[in-house]
Amino acid sequence: MSPRRLAPFLPNTRLLLLRSLNPSLDMSPAAAAHLTTVTDPDEEICSSTVVAAAAPEEIAPSVPLPPPPASAEERVERAWAHWRRLGAPRLVVAPMVDNSELPFRMLCRRYGADAAYTPMLHSRIFSENEKNRNMEFTTCKEDRPLFVQFCANDPDILLQAAKIVEPHCDYVDINFGCPQRIARRGYYGAFLMDNLPLVKSLVQNLSANLHVPVSCKIRIFPRLEDTLAYARMLEEAGASLVAVHGRTRDEKDGKKFRADWDAIKAVKDALRIPVLANGNIRHMEDVKNCLEHTGADGILSAEPLLENPALFAGFRTKEWKEDEDKDSGLDQTDLAIEYLKLCEQYPVPWRMIRSHVHKMLGDWFKVHPQVREEFNAQPILTFEWLHDMVKKLKELGGGIPLYRDIPIQSHSDTIGGGLAASKA
Ligand SMILES: Cc1cc2nc3c(=O)[nH]c(=O)nc-3n(C[C@H](O)[C@H](O)[C@H](O)COP(=O)(O)O)c2cc1C
């Protein structure tokens, strides 16, 4: 069923129709009027199941905004109260374009993630284009705590986009960290580090007009004093949380440049609101070391999770050959199957599924390149074909299993509040 075929129905009929596709759908007819199924042949979507609301303006809360904080102290207190209400999330899935989408977030949550970011959404396109909203932002009740991230360079457009998602998230995040050419051309992300008055007005306008707190994801400046002045400005402008990727705008290659944990520590010491650290986190031992080194309140991981979505549950990749007893009985083929099942439940564009399958099964494809070639040659994917492919890879064997590092797992009980262990 396509969006076009649903369009003429009245809200109640539409809701019934949508419920027949997804019985667990929980929303009002008014909201259903703004839902779309995600079977649109033009967009190459993976299934015809309804997933989530394209949060319409009409269902944004009409409750008045809370009174603005009387003082900086009150603002800081509110930031911590919110953070604690969410369970003080420490192990966080970082924002990743085309990769931190709903089914992947849900997979990481099953394996110990305390919270997750959406991929970056483009505030102008998102606020103007309903189809973009329905395609790029899907969520569900269990997908919390959730940071919804936008890129922006216009405070009013950002606010308009943020108002649409605020009923469905715990923070609206602004991406001040993207260093890519597309961000230079679009004038957003890390390129706004050259225009701090604009950064300030984006944060001020959002924090003064939203019900949910505002967070910012930043990169560091080459000079520490500039980074600290920047971070303090964000706090004063109304940010309730700052995530610091410890690399500069020019240090694009994460494999070549190590993240600077000293700079993150300095930001943590300078700010009074929660601070998250990002960079150099490959497994739970890194999490422990990073939290100890920086004093940060939590960490973000991105690329390592793509290969190993069970990272936050204490599973590690590589090095297993040193000690075969470390084999955990879990490997990327199991995780790939679990991810595919989540995609059947929460449909997303096939390009995202392709990307995850490549990353999760990278080591297995190295051992069996002919299977990768077959995968690449498939013009149209189906879940049946993918399940068969993963089953075949598992039977062929030879990929690298994950192992669970028991001593580190017990550290994670203290640093992750025991969540990583209990959720796995
Ligand atoms: C595939 C991919 C997509 C990314 N997309 C975003 C994004 O949408 N927004 C953002 O702020 N950072 C994005 N990043 C950067 C990550 O959030 C993170 O800051 C960076 O990868 C460093 O963390 P890591 O060392 O754990 O990978 C992306 C990174 C990757 C690998």
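Heads up: the structure comes first, above all this text.
Model, not experiment: these values are computed from the prediction.

Student: Could you give an account of the site of the ligand, naming the residues involved and the relevant values?
Tutor: Looking at the ligand, there are 16 residues lining it, with P95, Q149, K217, N278 and A302 nearest. In this structure, a nitrogen atom belonging to the ligand sits 2.9 Å away from a main-chain N or O atom of V97. Taking 610 Å² as the accessible area of the ligand by itself, protein coverage stands at 81%. For the shell around the ligand, the per-class residue count stands at seven nonpolar, six polar and three charged.

Student: Which residues make up the environment of A208, and what are the values?
Tutor: For A208, the position within the fold is in helix α10 (residues 196-209). Along the sequence, A208 and P68 sit 140 residues apart, while their C-alpha atoms lie 7.2 Å from each other.

Student: Please provide a residue-by-residue account of a positive patch on the surface, values included.
Tutor: Residues R181, R184, R185 and K252 make up a contiguous surface patch of positive charge. By the element assignment, R181 lies in helix α9 (residues 181-186). Overall, R181 belongs to the exposed group, its relative accessible area being 64%.

Student: Quick one: what's the story with helix α11 (residues 224-237), residue by residue and with numbers?
Tutor: An ideal rise of 1.5 Å per residue puts 20 Å on 14 residues; α11 measures up with 20 Å between its terminal C-alpha atoms. Turning to α11, its buried residues are T227, L228, Y230, A231, M233, L234, E235 and A237. Those residues of α11 that are buried are in contact with α4 (72-85), β5 (171-176), α10, β6 (214-219), β7 (241-245) and α12 (261-270). Just past α11, the residue G238 takes up positive phi, approximately 120 degrees.

Student: Which residues make up the nonpolar core, and what are the values?
Tutor: Counting 117 residues, the largest nonpolar core has F150, F176, L234, I353 and L361 as the members making the most contacts within it. Per-domain counts for this core show at least three residues from each of domain 2 (72-313) and domain 3 (331-396). Here L234 is in contact with F176, V199, V203, C216, I218, A239 and V242, once residues within four sequence places are set aside.

Student: Tell me what's going on with the pairing of strand β8 (residues 275-278), and back it up with residues and numbers.
Tutor: Side-chain alternation along β8 places V275 and A277 on one buried face and L276 and N278 on a second face that is also buried. For the crossover that starts at β7, traverses α12 and ends in the parallel β8, the hand is right-handed. Strand direction decides the pairing type here: β8 and strand β9 (residues 298-301), joined by three bridges, are parallel. Directly across from N278, in β9, lies its bridge partner L300. Between β8 and its parallel partner β9, the chain crosses via helix α13 (residues 284-294), and the hand of that crossover is right-handed.

Student: Can you break down the packing of aromatic side chains residue by residue, with the values?
Tutor: Here a ring pair, both rings aromatic, is described through the centre-centre distance and the interplanar angle of the planes. A complete count under the given rule lists eight aromatic pairs for this structure. For the ring pair F375 and W385, a centre distance of 6.4 Å and an interplane angle of 20 degrees mean the geometry is stacked. With a gap of 10 residues between them, F375 in helix α18 (residues 369-377) and W385 in helix α19 (residues 383-396) connect regions that are remote in the sequence. On the basis of relative accessible area, F375 is assigned to the buried category, the value being 0%. Linked through ring pairs, Y117, F147 and Y171 together constitute an aromatic cluster. If you follow R354 out to its NZ or CZ, it ends over the ring of F375, 5.9 Å from the centre.

Student: So what about the pattern of salt bridges? Which residues, and what values?
Tutor: One pass over the structure, following the stated rule, counts 24 salt bridges. Its salt-bridge partner being R272, residue E73 comes within 3.5 Å of it at the nearest N-O pair. Within this pair, whereas E73 is found in helix α4, its partner R272 is found in the loop between α12 and β8, the two being separated by 199 residues in sequence. The salt bridge involving D194 is made with R249; its shortest N-O contact spans 3.2 Å. One end of the pair, D194, is in the loop between α9 and α10; the other, R249, is in the loop between β7 and α12, and 55 residues separate them in sequence.

Student: A description of the side chain of Q332 should follow, citing residues and the corresponding values.
Tutor: Along the chain, Q332 falls in helix α15 (residues 332-345). In contact with Q332, not counting residues within four places along its chain, are E307, T317, M360, L361, W364, I400 and L402.

Student: Describe in detail the environment of L342, supporting the description with residues and values.
Tutor: You can see L342 is positioned in helix α15. By relative accessible area, which is 3% here, L342 ends up buried. Residues L342 and F104, spaced 238 residues apart in sequence, show a C-alpha to C-alpha distance of 7.9 Å. Apart from the residues within four sequence positions on either side, L342 is in contact with P103, M106, L107 and R110.

Student: Kindly report on unusual backbone geometry, identifying the contributing residues and their values.
Tutor: A cis amide bond links R144 to the next residue, P145, at an omega of -10 degrees. By the secondary structure assignment, P145 is in the loop between α7 (130-136) and β4 (146-151). For A88, which is not glycine, the phi torsion reads 50 degrees and is therefore positive. Turning to its location among the elements, A88 is positioned in the loop between α4 and β1 (91-93). Judged by its relative accessible area of 29%, A88 is partly exposed. The phi dihedral of D98 is positive, around 65 degrees, even though this residue is not glycine. Here D98 shows up in the loop between β1 and α5 (102-110). A relative accessible area of 24% means that D98 is categorised as partly exposed.

The rules behind the values
Residues numbered from 1 in each chain as written. Predicted model: local features only at pLDDT ≥ 70, side-chain atom pairs only at ≥ 80, totals over all residues. Heavy atoms only, no water. Near = heavy atom within 4 Å. Polar contact = N/O pair within 3.5 Å; in protein donor to acceptor, adjacent residues only side chain to side chain. Areas by Shrake-Rupley, 256 points an atom, 1.4 Å probe, with all protein chains shown as cover. Nonpolar A, V, L, I, M, F, W, Y, C, P; charged D, E, K, R; others polar. Helix = DSSP H or I, 4+ residues; strand = E, 2+ residues; numbered from the N terminus. Patch = residues over 30% accessible without salt bridge, like charges linked within 9 Å, V, L, I, M, F, W, Y side chains within 5 Å. Salt bridge = Lys/Arg side-chain N within 4 Å of Asp/Glu carboxyl O. Lys, Arg positive; Asp, Glu negative; His and termini not counted. Charge placed at Lys NZ, Arg CZ, Asp CG, Glu CD. Buried < 20%, exposed > 50% of the residue type's maximum accessible area, 1.4 Å probe, protein only. Expected span 1.5 Å × (residues − 1). Contact = heavy atoms within 4.5 Å. Core = buried A, V, L, I, M, F, W, Y, C linked by side-chain atoms within 4.5 Å. Domains from an automatic or database assignment. Right-handed = clockwise from strand over helix to strand, strands pointing away. Pairing = 2+ DSSP bridges. Phe/Tyr/Trp six-rings, centres within 6.5 Å; stacked < 30°, edge-to-face > 60°. Lys NZ or Arg CZ within 6 Å of the ring centre and 35° of its normal.

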